[in-house]
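Each chain, written out:
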Amino acid sequence: MSGLTLEGVSKRFGSLTAVDNVTLNVPQGTFVCLLGPSGCGKTTLLRMIAGLEDPSGGRLLIDGADITGVATHQRDFGMVFQSLALFPHLNVGENIAYALRIRGIAKADQQRRVDELLALVHLPGHADRPVNKLSGGQRQRVAIARALAVSPKLFLLDEPLSALDAKLREAMQVELRQLQQKLGITTIVVTHDQREAMTMADLVVVMGEGHIRQAAPPVEIYRKPADSFVAGFIGSTNLLDLSRDSSGRAVVGGVVLPDVILPAGLDRARLSIRPEDVHLTAPTAGGLTGRVTFLRDLGGTIETFIEVAGTTVTAVSTPRERPDVTAGDSIGVTLPAEACVVLKQ
Amino acid sequence: MRREPARSLSDHLPVIFPALMLLVFFVIPFSIMIAVSFFQREQGGFYTTDFVFSNYERFLSAFFGGVLGFSLLLAASVAACCVALAFPFTYFLTCRTRRVQIAWLVGLLSVLSLSEVIIGFAWSTLFSRTAGISNLFVALGLMDQPTALLPGFGAVLTGMVYQALPYTILVLYPALVRLEPTLLEASRTLGASPLRGFFNIVIPALRNTIVATLIMVFVFALGSYLLPQILGRPQHWTLSVLITDQAIYQSNMPFAAAMAVFLVLISLALVGLTLLVGGRKDLTA
């Protein structure tokens, strides 16, 4: 099988299990984001792929070949560190050429490759600059160029954009994605920023407490979260208690949702629905009704906070598609079945 | 950071005390010594005020030149050995847990509390034929019979390296602790073995620290006069030994002062040269 395969990879530090039995297949040319809160084991997993940590259990395979015991410097992977780790005593060109120098490539070829890479990261003519004279974004590009110098089999990035300001970060996300598509290189990025993951990834791997919670394309993660952890971590969501009535129908707050199906064997569950999917109507007989507690009018969209079925539901809508209400009013809440995701408790 | 230039007297206050200390305990004594080095020695007495170059002329002989050369060579060897031993040691120490690091540092600090005399006699015992480490080697079958490892250049060097090593480690430690650990990891991901990464990333990244440490140990070792006498033969005596001999036993203050001034000038020149060579690479880099 081509690409990277993780088979039951684990990492324990003393009594702490940082990564627990992770199995994942990353096909050749895929852009993967490892996403999760801090301490979820995503960086440890990336470091194991790079060979900087030895797994306590499991195997790593690249194109079907076991690389679990291969030393970092023999893996031919490119890695961008969170701190960037540019060598302070070398200039931009020397930093980028380091991997080529190690492999004993001729000076002229090194020079040609450095110019090529600098053009690729939009920094032509910067080869002679000292690294400490560069801006944050430029340092970032140099680190990327350095990691790509030998056309690695795998391109690994550990929170690469976290040191940049918000505007530059957004621009770099797009640029990084375009670069990856141009080179067709298998890329794994660790991030805690769900927006970053949604922008760049083909495959988002949501991690929590050392486990993979869900691995799926970004839209699927958003639309069909596997559990309430994923639903809460990716975007904002409303979680409502769902129960089964005597005739087996799904009930929220005493109101039957005819098209929502509770999985067999479950009497109670959670219903997840995104704020933009909650429809607001005039109060109707037999429908879910709540009381408006707060309005956040952002001009383009309005967030309506509604107390319904014992919790607060947030609905995001444009001014045109919602009834004109103020705090304290009663309002009808419709939960379209196609937007509802039933999650285990 | 930009600072406002100091205007009133109170702005200068913080530097007055250190400046005063430096003046009273360094500038004035050193000036007196320079003055004395031009005085005329009085046979059987002390010295008379004068302005002669005879003390410096006497120094410019093959004998004193040889002693000066040996002193510089010994100090340079001690500096090189100390840094060569302390750098890898300190590097691996910083990779350990904090508890281990603290235990080692406390141990090293306690070595500093030993006086030079105790270190000298401890090593002279260790190197002796009757009770020294050669007996251990014989017991292990590495040697046929116990031998005296002193007096000799090796013994002097060992003693002085032992004495200067804790200083070296304590000076290198802060810089190595602050060294970004990902630098070496980055070199590994780029295809350098850990050893190769150590030599072409860790050491060059800390070049300034290494140069500063070499200079510190060099200057420290240049002033040593007890260990060469305890562990060495007369040909291993340093200029500091001769200065002490002239000043205390021969009562020739002017000549001792002249030698001391010469030693200071030579070591300042060497330090300056090292900084110049070290600094030039920064400009071209």
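Values in this document were obtained by computation on a predicted structure and should not be read as measured data. (Residues numbered from 1 in each chain as written. Chains lettered and ligands numbered in written order. Predicted model: local features only at pLDDT ≥ 70, side-chain atom pairs only at ≥ 80, totals over all residues.)

A. A look at the overall build of chain A. A tally of helices and strands in chain A yields eight helices and 20 strands. Across the 345 residues of chain A, 43% fall into the buried class. Sequence separation of at least 24 residues holds for 66% of the intrachain contacts in chain A that already meet a minimum separation of 6. (Helix = DSSP H or I, 4+ residues; strand = E, 2+ residues; numbered from the N terminus. Buried ≥ 20, exposed ≤ 12 C-beta atoms within 10 Å, placed from the backbone. Contact = placed C-beta atoms within 7 Å.)

B. Summary view of the UniProt feature "domain: ABC transporter" (unreviewed entry) in chain A. Following the UniProt record, the feature "domain: ABC transporter" (unreviewed entry) maps to residues 4–234 of chain A here. The span residues 4–234 of chain A carries 36% helix and 26% strand; its end-to-end C-alpha distance comes to 25 Å. (UniProt positions renumbered as here; feature names shortened; annotations may be inferred.)

C. Main features of the interface of chain A and chain B. The partner chain B presents 16 residues to the 19 residues of chain A that form the contact. Put simply, the parts of the chain that give the side of chain A that touches chain B at least two residues each are β6 (77–80) and α2 (92–102) of chain A. Considering only residue class, the side of chain A that touches chain B consists of 12 nonpolar, six polar and one charged. (Nonpolar A, V, L, I, M, F, W, Y, C, P; charged D, E, K, R; others polar.)

D. Representation of the sheet that holds strand β9 (residues 203–208) of chain A in the model. Residue and element names in this part refer to chain A. Read from one edge of the open sheet, six strands run β6-β7-β8-β3-β9-β10, paired in mixed fashion. Taken across any chain shown, the strands that pair with only one partner, and hence form the sheet edges, are β6 and β10 (211–216). Mean inter-strand twist for the sheet, computed between neighbouring axes without regard to direction, equals 15°. (Pairing = 2+ DSSP bridges. Axes fitted to C-alpha atoms, helices over the stretch in contact; angles between N-to-C directions.)

E. Summary view of the sheet that holds strand β16 (residues 288–297) of chain A. All names here are of chain A. Strand order in this open sheet of five strands is β15-β19-β16-β17-β18, and the pairing throughout is antiparallel. Of all strands in the sheet, those with a lone pairing partner are β15 (279–281) and β18 (311–317), marking the two edges. Strand after strand, the sheet turns through a mean of 45° between neighbouring axes, direction not considered. Alignment of β16 against strand β19 (residues 330–334), held across four bridges, turns out to be antiparallel. What sits directly across from T289, in β19, is G332.

F. Structural detail: the nonpolar core. All names here are of chain A. Residues C33, L34, L156 and V205 are the most contacted members of the largest nonpolar core, which totals 107 residues. Among the elements that make up this core, the one with the highest residue count is α2 (six residues). Two domains each put at least three residues into this core: domain 1 (4–230) and domain 2 (236–343). Non-local contacts of L34, meaning those with residues more than four positions away in its chain, are made with K42, L45, L46, I188, V190, V205 and M207. (Core = buried A, V, L, I, M, F, W, Y, C linked by C-beta atoms within 7 Å. Domains from an automatic or database assignment.)

G. Structural detail: the UniProt feature "domain: ABC transmembrane type-1" (unreviewed entry) in chain B. Annotation from UniProt places "domain: ABC transmembrane type-1" (unreviewed entry) at residues 68–274 of chain B. Along residues 68–274 of chain B the backbone is 78% helical and 0% strand, and the end-to-end C-alpha distance reaches 19 Å.

H. Main features of the pairing of strand β4 (residues 57–62) of chain A. Residue and element names in this part refer to chain A. Across five bridges, the pairing between strand β1 (residues 4–13) and β4 is antiparallel. Bridge pairing in β4 places L6 opposite L60. The hairpin turn running from β4 into strand β5 (residues 65–66), its antiparallel successor, is two residues long, and D63 in that turn takes a positive phi close to 50°.

I. Expanded view of the UniProt feature "transmembrane region" (unreviewed entry) in chain B. Under the UniProt annotation, "transmembrane region" (unreviewed entry) lies at residues 12–39, 59–92, 104–128, 148–176, 197–227 and 255–277 of chain B. Helix and strand shares over residues 59–92 of chain B are 94% and 0% respectively, and the end C-alpha atoms of the span are 46 Å apart.

J. Inspection of the packing of helix α3 (residues 62–94) of chain B against helix α7 (residues 153–178) of chain B at higher detail. All names here are of chain B. The N-to-C vectors of α3 and α7 enclose an angle of 45°; their axes lie 7 Å apart at closest approach. The orientation of α3 relative to α7 falls into the category oblique. Crossing angle aside, the handedness with which α3 passes α7 is right-handed. Of the residues that constitute the contact of α3 with α7, the class distribution is 21 nonpolar, four polar and no charged. (Parallel < 35°, antiparallel > 145°, perpendicular 65-115°, else oblique. Left-handed = near helix turned anticlockwise from the far one by under 90°.)

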